[in-house]
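# Coordinate inspection notes
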Amino acid sequence: MFTSLTKFSQWSRSAFAVATLPLLSGCDLNFWRMEGHQSTITVEGVVAREQLQLFYITCWVSLVIFVLVGGVLAYATLKFRARSAADEHAEPPPQGHGNPLIELGLIGASVLALVVIAVPTMQGIWSTYDVPEAEKKDALQITCTGNQWWFKFEYPSELAPINNAGAKAPLITANELIIPAGRAVRVNLRTVDVIHSFWLPKLAGKVDMIPNRANHIYIRADHPGYYWGQCAEYCGDSHAVMRFRVIALDQKEYAEWLEQQSQLARTLAPRPTDTTQAKAQFASLRSFKQNETGVTDKFEINPLESWRAKQSPEKNEDAALIATGRQLFSTKACLACHNIRGHDAPGITGPDLTHIGSRTTIAGGLLENNSEQLRRWIHNPGAVKPGNKMSLAYARIGQDGKPIDGIKLTGDEEVALVAYLESLK
Amino acid sequence: MELAKSAHLIKEAHAPSQPKLLFHPKSQSGLMGWLTTVDHKKIGFLYGFFALIFFIVGGFEALLIRTQLMVPNNTVLTAQQYNTMFTMHGTTMIFLAVMPLSAAFFNFIMPLQIGARDVAFPRLNAFSIWTFVAGAIILNIGWFGPVLEKMGIFGHNAPDAGWYGYSPLTSKTFSPGHAVDYWVMGLQLLGVASIAASLNFIVTIINMRAPGMTMMRLPVFTWMALITSFLIVLSFPFITIALVEVMMDRNFGTNFFEVSGGGMPILWQHLFWVFGHPEVYILILPAMGIISEILPTFSRKPLFGYPIVVFSGASIGFLGFSVWSHHMFTTGMGTVATAAFALATMAIAVPTGVKIFNWIGTLWGGHLMMRTPMMFALGFVWMFMIGGFSGVMHSAAPADAQQNDSYFVIAHFHYVLIGGSIFALLAGLHYWFPLMFGRKVSEFWGKLSFWIIFGGFNVTFFPMHFLGLNGMPRRTFTYDPNLGWNAANFIATMGAYVLGLGMFIYFAVLVYTFFKGEKVKKDYWDGRTLEWSLEVPPPEYNFRVIPTVHARDAWWYEKHHQEEIAQEQAKSAAAENAHGGIHMPFGSIWPFVASLGLLIGAVGITFFDADPSPGIHAKLGVTLIGGVVMLIGIYFWSLEGNEGYHLHLDKDGHPIEDDPHAKH
């Protein structure tokens, strides 16, 4: 026994050393402050705030009861603990079977505590379910459709031209939802494949997107801001990387954005020129580690400003290269799935790319939208998002070891495509 | 004048002849002994043995999950491997670890607590264990996917659609290959095993109680076994039907959940959770029963408020069927349904809270012996309180909209299932070990493992509350480093390693004790219920004399009224001897054969395809062969009859005469 105890103390010392490693390595241990991008505690929307207040009520009621009951339990354990062998073998205590009055009293007290939780719960169920009556007329309607593994956003009330002939259809974007701040928004939730869930923690708790079921969620942002969202129902291989963003803008900026998005895709040059003139600044393709983080610290400093910076065209655009990219978009059959309004790209199964250059992220909110990440994505989409449909269109080796024909891109072609996509502001 | 006996009478004077096929297996040990055993204690041991193996498998899967999440964007597992791990971790822990471990205790302890010599249907009991093993095999075939592919069977991987298999992810469109089929057929067989076992327990508890063991004298553990068995019998049919529908959709083109054909995926969720929520209580009620045995024993006084504890267990069972949709608060059920299920969920907190009050009442005024089982039992009460409170938080539906499918939920149900169920089962193993094997686990190592498990568990799962509230969703194989989840995830993973170490110590010590532990005499803990009246380990016939029960804590009463009991037992023993001695059932191989048939048939069905052409003859053939084997098993099972033999004991309890041919 004695040697075991010595060994035990040695073990506990080494265990302590392992446990304190994160401290020593300067790891950020402030996790209990819960101030992350997807925090449900530091909320910035009406619905999320109401849900948070209800959480605090349940939390306090639980805490008070826990302290009371736990206190009695701890007291009983310490007080009635046998302190010696003699204690254990003393005459057994009185063999009582209980006390109905105590039981009834405790049951009554538990019911009362539950009423304290039940009343605000009932209020919350009705008030968070939908846009309040008074705001319904003014509410913005959005249709969000879940796909494996990205979100499509449609503005049924905002018609935008879809071709040069002037035909119009509701405005469609992908993975980044722009809403007016301070205004009620009703997002109608649909899915084309499996069940997804629309979760935007800082603005509202989640609602599922279920096939053959018309769900909706009510959100309202307090003020302009940039918000992180994520699919919250397991939906297959790449569920973890099915993310989205919501950008809330003040009324004026929102109107400007709508005006700009309603335009057809930008066209810089009428005809393609020689591809050999590809500029080096677009060419960066380094090797990426599996799951390598796709966002930069610079972007994090002020995401809303980063978003604004994406709205205007970049300087020094290479018109010839962009035109080449546009032609490749057609010859490599990208247009079979992707829509680019005004550029004769009619696909509807993939995300709409008419203004992809003005978004802050690509690949379903996973990667920052810059030339390096764009090229990483189109170079090998399956490495970024396992199992995604775009990767299935690429030439690859099948499960049975045989090659499957499909899209092949050279380095130059990738550069041209990236330049083209970045030009689509 | 004496007439010559007619031929058939002469023949009967010898041993009654038996068809060769219907031999009665005699071996008590060796492989044959285990395959043919109908002894509830041996079957209980088998349940425990397999449960512990799968507990190790599930634990290993959990450690892989935690390793992948240790740092952001980790690459230990691929997305697909990770999804397989969390699916199999959940399925394994629920169906192959916690449930069979509870069944092990039901089998081993419950008949001893009610003063019975076996369960009501010993061969059905054997069928249950072997069907359970068959289900476990099918569920895990997928791990050998690459091997199956080499054999020319398109294998695919282990199941990866979640333990709850939400439609339409389980459809052929989104889950081609056979991973989901393994899951469907595996659960079907486990359901058959569970229902058969539960019917057996119900009949045993209702019919086989010793004289004087009224329902309100049943030990609480037996009560919880009864309620759990009813929950299983009533809830498993829902998942059985739902799984048949998935199978039909996948293989035969029906449209129960198939969206393109107008099917309703939401229907699966309702069917699944009508089963799934009672399942939660199937996991926790046996644990509550164990705790209600351990606390009185180690406080040396009766359970506080016995009737209220029993009734609250029963009302938890009833209410458990009316709260399933609280798993679906985010599916847009509408305000009224959400409100109803929120209120029902809150209501269930009352009987649960009552149990905790009564456990504290049991401690109050007692002489608490702080032994390892008591440590785990007290740990259970603390951890279960935390899990219970976070459960009440989920009942506030609007708040749950943020918590659902986040790490907050993971923290909640691990507090209930590890801090609750597993702690209680670990307590039970230490508590009944001296009874089951006549050996005693070292207190030092037991307490050491308790503190490591207790610490590791809390370090793993407490930070997950913060992770969930900070927006980390479940079932994600990776996360970005900019979301504020890094530190909590790293700590949780370190905690998981400590928890794993604690479990390793716990079971290593248990295995050591099984072979080399200190031998003890009967009634090691100064127990209160009938199982402690037995010699250790209990003889195959359990009770030398069926006891007559006079009070709730029957053995405690016997110990304090020894003279009266001795006279009474002498009388009963004489009566039983006059009746032919102790009746024991024969072993039988046929339950095993029937289960084997189920396994073969289920394997055949598993490999069915919507497109029947490739290998259809082989698949159909295997299925039919399985069916025939099962029918052969059932046929001979019924043909051999419920015969048994009688034992007569000498004064030390050793059988003096086997009479293997006496019919009864």
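Procedures and definitions
Residues numbered from 1 in each chain as written. Chains lettered and ligands numbered in written order. Predicted model: local features only at pLDDT ≥ 70, side-chain atom pairs only at ≥ 80, totals over all residues. Heavy atoms only, no water. Helix = DSSP H or I, 4+ residues; strand = E, 2+ residues; numbered from the N terminus. Buried < 20%, exposed > 50% of the residue type's maximum accessible area, 1.4 Å probe, protein only. Contact = heavy atoms within 4.5 Å. Rg over C-alpha atoms; globule rule 2.2 N^0.38 Å. Areas by Shrake-Rupley, 256 points an atom, 1.4 Å probe, with all protein chains shown as cover. Pairing = 2+ DSSP bridges. Axes fitted to C-alpha atoms, helices over the stretch in contact; angles between N-to-C directions. Core = buried A, V, L, I, M, F, W, Y, C linked by side-chain atoms within 4.5 Å. Domains from an automatic or database assignment. Buried area = accessible area lost by both parts, 1.4 Å probe. Salt bridge = Lys/Arg side-chain N within 4 Å of Asp/Glu carboxyl O. Polar contact = N/O pair within 3.5 Å; in protein donor to acceptor, adjacent residues only side chain to side chain. Nonpolar A, V, L, I, M, F, W, Y, C, P; charged D, E, K, R; others polar. Phe/Tyr/Trp six-rings, centres within 6.5 Å; stacked < 30°, edge-to-face > 60°. Lys NZ or Arg CZ within 6 Å of the ring centre and 35° of its normal. Disulfide = S-S within 2.5 Å. Expected span 1.5 Å × (residues − 1). Patch = residues over 30% accessible without salt bridge, like charges linked within 9 Å, V, L, I, M, F, W, Y side chains within 5 Å. pLDDT = per-residue confidence, 0-100.

## Some points on the overall build of chain A
A count of helices and strands for chain A gives 13 helices and 16 strands. Buried positions account for 51% of the 425 residues belonging to chain A. Pairs at least 24 apart in sequence give 66% of the contacts found in chain A among residues at least 6 apart.

## Considerations on the overall build of chain B
When you go through chain B residue by residue, the secondary structure sums to 21 helices and five strands. Over its C-alpha trace chain B gives a radius of gyration of 26 Å, about what one expects of a compact globule, namely 26 Å for 664 residues. Counting only residues that meet the buried cut, chain B has 65% of its 664 residues in that class. Total accessible area on chain B is roughly 23,100 Å²; 71% of this is exposed by carbon and sulfur atoms.

## Quick notes on the sheet that holds strand β3 (residues 168-174) of chain A
Residues and elements named next belong to chain A. Taking strand neighbours across the sheet as the criterion, the five strands line up as β3-β2-β1-β5-β8 in an open arrangement whose pairing is mixed. Each having just a single partner strand, β3 and β8 (215-219) make up the two edges of the open sheet. Each adjacent strand pair in this sheet contributes to an overall mean axis angle of 30°, direction not counted. Two strands pair when backbone bridges link them, and strand β1 (residues 140-147) and strand β5 (residues 185-191) are joined in this way by seven bridges, in the parallel orientation. In the sheet register, Gln141 faces β5, and the bridge partner there is Arg186.

## A few points about the nonpolar core
In terms of nonpolar packing, the biggest core is built from 293 residues, with Phe198 of chain A together with Phe95, Phe380, Phe423 and Trp432 of chain B touching the most fellow members. No other element matches the 21 residues that helix α4 (residues 79-113) of chain B contributes to this core. When we break this core down by domain, the ones giving at least three residues each are domain 1 (134-261) and domain 2 (275-423) of chain A. With residues near it in sequence (within four places) discarded, Phe198 of chain A still touches Cys144, Phe151, Phe153, Val187, Leu189, Gly205, Lys206, Val207, Met209, Ile217 and Phe244 of chain A.

## Structural notes on the domain arrangement of chain A
All names here are of chain A. Looking at chain A, the domain boundaries give domain 1 (134-261) and domain 2 (275-423). If you look at the interface, domain 1 gives 34 residues, while domain 2 gives 27 residues. In total, domain 1 and domain 2 occlude about 2,500 Å² of area from one another, counting both sides; carbon and sulfur atoms represent 51% of this. Along the contact surface separating domain 1 from domain 2 lie one salt bridge. If you look at where domain 1 meets domain 2, you find 13 residue pairs in polar contact (both at pLDDT 80 or more). Contributions of two or more residues to the side of domain 1 that touches domain 2 are made by β2 (150-161), β3, β4 (176-180), β9 (225-231), β10 (243-249) and α6 (251-261). When the residues that make up the side of domain 1 that touches domain 2 are grouped by side-chain class, the tally is 19 nonpolar, nine polar and six charged.

## Things to note about the packing of aromatic side chains
Scanning all chains against the criterion turns up 74 aromatic pairs over all chains. Here the aromatic rings of Phe151 of chain A and Phe153 of chain A are separated by 6.5 Å at their centres, their planes lie at 15°, and the arrangement is stacked. As far as the burial class goes, Phe151 of chain A and Phe153 of chain A line up, both buried. Relative to Phe437 of chain B, the ring of Phe45 of chain B lies with its centre 5.8 Å away and its plane at 80°, an arrangement referred to as edge-to-face. Here the residue Phe45 of chain B occupies a position in helix α3 (residues 40-68), and Phe437 of chain B occupies one in helix α15 (residues 407-437), the gap between them amounting to 392 residues. Between the NZ or CZ atom of Lys206 of chain A and the centre of the ring of Trp199 of chain A, over which it lies, the distance is 4.0 Å.

## Some details on the state of the cysteines
Residues and elements named next belong to chain A. Counted according to the given criterion, the structure contains zero disulfides over all chains. There is no disulfide at Cys144, and the cysteine sulfur nearest it, in Cys231, is 10.0 Å away. Cys231 forms no disulfide, and the closest cysteine sulfur to it belongs to Cys235, at a distance of 3.9 Å. Residue classification places Cys231 among the buried residues on the basis of a relative accessible area of 0%.

## Some details on the sheet that holds strand β7 (residues 204-209) of chain A
Residue and element names in this part refer to chain A. In space, the five strands of this open sheet follow the order β4-β10-β9-β6-β7, with mixed pairing throughout. Unpaired on one side and paired on the other, β4 and β7 mark the two borders of the sheet. Averaged over all pairs of adjacent strands, the angle between their axes in this sheet comes to 20°, without regard to strand direction. Summarising the sheet, strand β6 (residues 196-200) and β7 pair through four bridges and their orientation is antiparallel.

## Some thoughts on the interface of chain B and chain A
Taken together, the 113 residues of chain B in the interface contact 105 residues of chain A. For the pairing of chain B and chain A, the buried interface totals around 9,100 Å² over both sides, and the portion due to carbon and sulfur atoms is 69%. Counting across the chain B and chain A interface gives two salt bridges. For Asp480 of chain B, the salt bridge identified is with Arg243 of chain A, shortest N-O distance 2.9 Å. For the pair chain B and chain A, the interface holds 28 residue pairs in polar contact (both at pLDDT 80 or more). In terms of residues, the side of chain B that touches chain A owes the most to one element, helix α13 (residues 372-395) of chain B, which gives nine residues. The class makeup of the residues in the side of chain B that touches chain A is 68 nonpolar, 35 polar and 10 charged.

## Digging into helix α11 (residues 335-347) of chain B
Over its 13 residues, α11 of chain B runs 18 Å from end to end, which matches the ideal 18 Å to within 8%, given 1.5 Å per residue. Taken as a whole, α11 of chain B has its buried residues at Thr335, Thr338, Ala339, Phe341, Ala342, Ala344, Thr345 and Met346 of chain B.

## Points about a nonpolar patch on the surface
All names here are of chain B. The grouping of Trp143, Phe144, Val147 and Met151 at the surface amounts to a nonpolar patch, some 420 Å² of accessible area in total. Examined against the element boundaries, Phe144 turns out to sit in the loop between α5 (122-140) and α6 (145-150). For Phe144, a relative accessible area of 52% puts it in the exposed group.

## Topic: the confidence of the model for chain A
Across chain A, the average pLDDT comes to 87, with 89% of residues at or above 70. Segment residues 274-278 of chain A: pLDDT under 50, and four contacts once partners within four positions in sequence are set aside and those in other chains are kept.

## Digging into helix α20 (residues 590-606) of chain B
Residues lying three or four places apart along an α-helix face the same way, a consequence of the helix completing one turn every 3.6 residues. Residues and elements named next belong to chain B. Here α20 contains 17 residues, and its C-alpha end-to-end distance of 24 Å stays within 8% of the 24 Å for a straight helix at 1.5 Å per residue. Here α20 lies mainly inside the structure; 12 of its 17 residues are buried. Every buried residue of α20 is accounted for by Trp590, Pro591, Val593, Ala594, Ser595, Gly597, Leu598, Leu599, Gly601, Ala602, Gly604 and Thr606. Packing partners of the buried residues in α20 comprise α5, α7 (179-207) and α21 (616-639).

## Notes on the environment of Thr84 of chain B
Residues and elements named next belong to chain B. Summarising the element assignment, Thr84 is placed in helix α4. By relative accessible area, which is 5% here, Thr84 ends up buried. Measuring from C-alpha to C-alpha, the distance between Thr84 and Glu245 comes to 23 Å, with 161 residues separating the pair along the chain.

## Digging into the side chain of Asn175 of chain A
Looking at the secondary structure, you find Asn175 of chain A in the loop between β3 and β4. Apart from the residues lying within four places of it in its own chain, the contact partners of Asn175 of chain A are Trp150, Phe151, Phe153, Arg243, Phe244, Arg245, Gly364 and Gly365 of chain A.

## Concerning the pattern of salt bridges
Under the counting rule described, the total for this entry stands at 28 salt bridges over all chains. Between Lys447 of chain B and Glu443 of chain B there is a salt bridge whose closest N-O contact spans 3.9 Å. Separated by four residues within a single helix, Lys447 of chain B and Glu443 of chain B lie in helix α16 (residues 443-469), roughly one turn from each other. With a relative accessible area of 21%, Glu443 of chain B lands in the partly exposed category. Three or more residues joined by partner-sharing salt bridges are found here, namely Asp130, Glu133, Lys136 and Arg186 of chain A.

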